Amino acid sequence: MNRQPRQYLTEDNFFNDVRVFMKTIPNSRPLHLDDLPKFSSWIPNIFEFNSIQIAKKNVTNILREYGEDKWGALQKQILANPDVTVVDADSLFLGESKPSAYYLGGLYLASSTDVQEAYYRLILNEVLPHIVAAGHLVELGAGYGSQLLKIAALPELSHAGFTAGEYTKTGVDCIKLLAERQSLLHVNAVQCDLNSLNLSSFAIPSRAVFMTCWTMAYLKGFPRSAIEEILRKKPSMVIHVEPIFEHWSNSSLLHLMWKKYVKINDYNQTFMTELKEYETAGAIKIIEERPHVFGPNPLAPVSIVKWVPCE
């Protein structure tokens, strides 16, 4: 297997690539940090001006938040209208608000649809060449299929297979419904739990590409059983599009707000630390890190991290 040198890319030397997808957010305008509280109700909570009780992330409240409140409600809307596609589902889920977003090292305002389109194109840019070569994509924590189904519908990937692993039954049901409506017969949706991952019954060929998008945030670190199970499938590459606590500085007010937001919401704070421990142990090789490149949620922007198994 050819090895690529690890790339440490900052926002400064990633600027030209980011500017490409910035153009896909029409009518966005800069947002001053002082104005962020007007567009995010979380700011008073971060500074403890409001009294707020956040439940620790556990099976019960994650299933309630996603299995019932989000994907469950979305499933009812999909079932009620046989013409709803994954693009329509995005609109139903997101609404038509004008949220703040983080990119190009700053804060911007744009429509929710345009922000999510830019987020999708960022993900697509990262995974497309690898799927073309590998012929199969596995997304763990696929939600209702927002990213995977749009990728699977691309004509240039008609030869590829897709596996959508999702924690909630309602999420899996949404993916199946939407895939059937788009005649995406090469998409297989299954339930899985990254805290006790078992892929033995999944039809995943070796050399497949694995991806997570805002999934690892709901775990603690990177469970050893999960990484060992992924390695057993002999992936060609694993790509994470995730908010990464360790990438944020204590010398930036905005970064400190990001850290506080993650702590309040009990999101993952040790994902990158544990991933690097697996690298030190010789199990994997991290080949790329790009810190906080884009934030559809301006208080938890995602980084891009790619790794490959060590032979």
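Please refer to the structure higher up on the page.
Residues numbered from 1 in each chain as written. Predicted model: local features only at pLDDT ≥ 70, side-chain atom pairs only at ≥ 80, totals over all residues. Heavy atoms only, no water.

Visitor: Just checking my understanding: could you explain the overall build of the protein chain for this structure?
Guide: Scanning the protein chain from N- to C-terminus turns up 11 helices and 11 strands. The buried share of the protein chain, reckoned over its 311 residues, is 53%. Considering only contacts within the protein chain whose residues lie at least 6 apart along the sequence, 77% involve residues at least 24 apart. By element, 52% of the accessible surface of the protein chain is carried by carbon and sulfur atoms, the whole surface being about 14,100 Å². (Helix = DSSP H or I, 4+ residues; strand = E, 2+ residues; numbered from the N terminus. Buried < 20%, exposed > 50% of the residue type's maximum accessible area, 1.4 Å probe, protein only. Contact = heavy atoms within 4.5 Å. Areas by Shrake-Rupley, 256 points an atom, 1.4 Å probe, with all protein chains shown as cover.)

Visitor: Whenever I open this one, unusual backbone geometry confuses me. Can you help?
Guide: Trans is the prevailing form of peptide bonds, just as negative phi is the prevailing case for residues other than glycine. At Leu104, a residue that is not glycine, the phi angle is positive and equals roughly 55 degrees. With respect to the helices and strands, the residue Leu104 is situated in the loop between strand E3 (100-103) and strand E4 (106-109). Judged by relative accessible area, Leu104 falls into the partly exposed class, the value being 22%. With phi around 75 degrees, Arg207 is a residue other than glycine that occupies positive phi space. Inspection of the secondary structure assignment puts Arg207 in the loop between strand E7 (187-191) and strand E8 (209-213).

Visitor: Explanation requested: the environment of Ser146 in the structure shown.
Guide: Relative to the elements of secondary structure, Ser146 occurs in helix H7 (residues 146-152). The class for Ser146 is buried, based on a relative accessible area of 12%. When the C-alpha positions of Ser146 and Leu178 are compared, they lie 9.7 Å apart, and in sequence the two are 32 residues distant. Apart from residues lying up to four places away in sequence, Ser146 is in contact with Val86 and Asp90. One polar contact links Ser146 to Asp90, side chain to side chain, over a distance of 2.8 Å. (Polar contact = N/O pair within 3.5 Å; in protein donor to acceptor, adjacent residues only side chain to side chain.)

Visitor: Any chance you could explain helix H8 (residues 169-181) here in plain terms?
Guide: Since the α-helix turns once every 3.6 residues, residues separated by three or four places project in the same direction. In a regular helix each residue adds 1.5 Å, so 13 residues correspond to 18 Å; H8 covers 18 Å between its end C-alpha atoms and thus fits that length. What H8 keeps buried is the set Thr170, Gly171, Val172, Asp173, Cys174, Ile175, Leu178 and Ala179. Looking at the buried positions of H8, the neighbouring elements they touch are helix H4 (59-80), helix H5 (86-94), H7, strand E6 (161-166) and E7. Trailing H8 by a residue or two, Ser183 shows a phi angle of about 55 degrees, which is positive. (Expected span 1.5 Å × (residues − 1).)

Visitor: Looking at this structure, how should I read the packing of H4 against H8?
Guide: At a closest axis distance of 8 Å, the pairing of H4 and H8 adopts a crossing angle of 25 degrees. Between H4 and H8, the crossing angle belongs to the class labelled roughly parallel. Our pair here, H4 against H8, has a crossing hand that is left-handed. Here H4 contributes Tyr66, Gly67, Trp71, Gly72, Leu74, Gln75, Ile78 and Leu79 to the contact with H8, which in turn contributes Thr170, Gly171, Asp173, Cys174, Leu177, Leu178 and Arg181. (Axes fitted to C-alpha atoms, helices over the stretch in contact; angles between N-to-C directions. Parallel < 35°, antiparallel > 145°, perpendicular 65-115°, else oblique. Left-handed = near helix turned anticlockwise from the far one by under 90°.)

Visitor: Where do I start with the packing of aromatic side chains in this structure?
Guide: Aromatic rings in a pair are described by how distant their centres are and how their planes are angled relative to each other. Summed over all chains, the structure comprises 18 aromatic pairs. Pairing Trp42 with Tyr261 gives two aromatic rings, centres 5.1 Å apart and planes at 85 degrees, and the pair type is edge-to-face. You can see Trp42 sitting in helix H3 (residues 42-46) and its partner Tyr261 sitting in helix H10 (residues 253-264), a full 219 residues away along the chain. Classification of Tyr261 by relative accessible area gives buried; the value is 6%. Sitting over the ring of Tyr120, Lys150 keeps its end group 5.3 Å from the ring centre. Its end group placed over the ring of Phe245, Lys259 keeps NZ or CZ at 5.2 Å from the ring centre. (Phe/Tyr/Trp six-rings, centres within 6.5 Å; stacked < 30°, edge-to-face > 60°. Lys NZ or Arg CZ within 6 Å of the ring centre and 35° of its normal.)

Visitor: Just to check I follow, could you spell out the nonpolar core for this structure?
Guide: For soluble globular proteins, nonpolar side chains are generally found buried alongside one another. Judged by nonpolar contacts, the single largest core of 76 residues is most densely connected at Leu149, Ile151, Phe162, Val187, Phe294 and Leu299. By residue number, the principal contributor to this core is helix H6 (residues 112-134), which donates 9 residues. If we skip the residues at most four places from it in the chain, Ile151 touches Tyr120, Ile123, Leu124, Val127, Ile131, Leu137, Leu157 and Phe162. Counting residues in each nonpolar core, the second largest holds 27 residues, with Val138, Cys192, Ala226 and Phe271 among its members. (Core = buried A, V, L, I, M, F, W, Y, C linked by side-chain atoms within 4.5 Å.)

Visitor: What am I meant to see in the pairing of strand E9 (residues 237-242) here?
Guide: When a strand is regular, its side chains alternate between the sheet's two faces. Among the 6 residues in E9, 6 count as buried, and that is most of the element. As defined by bridge partners, E8 adjoins E9 across 5 bridges and the pair is classed as parallel. For Phe210, the partnering residue across the bridge sits in E9 and is Val238. Remark: the E8/helix H9 (residues 224-232)/E9 crossover connection has right-handed handedness. In this structure, E9 lies alongside strand E11 (residues 302-309), joined through 5 bridges in antiparallel fashion. Counterpart to Glu242 in the pairing with E11 is Ser303. (Pairing = 2+ DSSP bridges. Right-handed = clockwise from strand over helix to strand, strands pointing away.)

Visitor: It is not clear to me how the packing of H4 against H5 should be interpreted in this structure. Could you clarify?
Guide: The description of two helices packed together rests on the angle between their axes and the distance between the axes. At a minimum axis separation of 10 Å, H4 and H5 run at an interaxial angle of 125 degrees. As the angle between them shows, H4 and H5 are arranged oblique. Regarding H4 and H5, the two cross each other, and that crossing is right-handed. Contacts from Lys70, Trp71, Leu74 and Gln77 of H4 reach H5 at Ala89, Leu92 and Phe93. In terms of residue class, the contact of H4 with H5 is made up of 5 nonpolar, 1 polar and 1 charged. (Nonpolar A, V, L, I, M, F, W, Y, C, P; charged D, E, K, R; others polar.)

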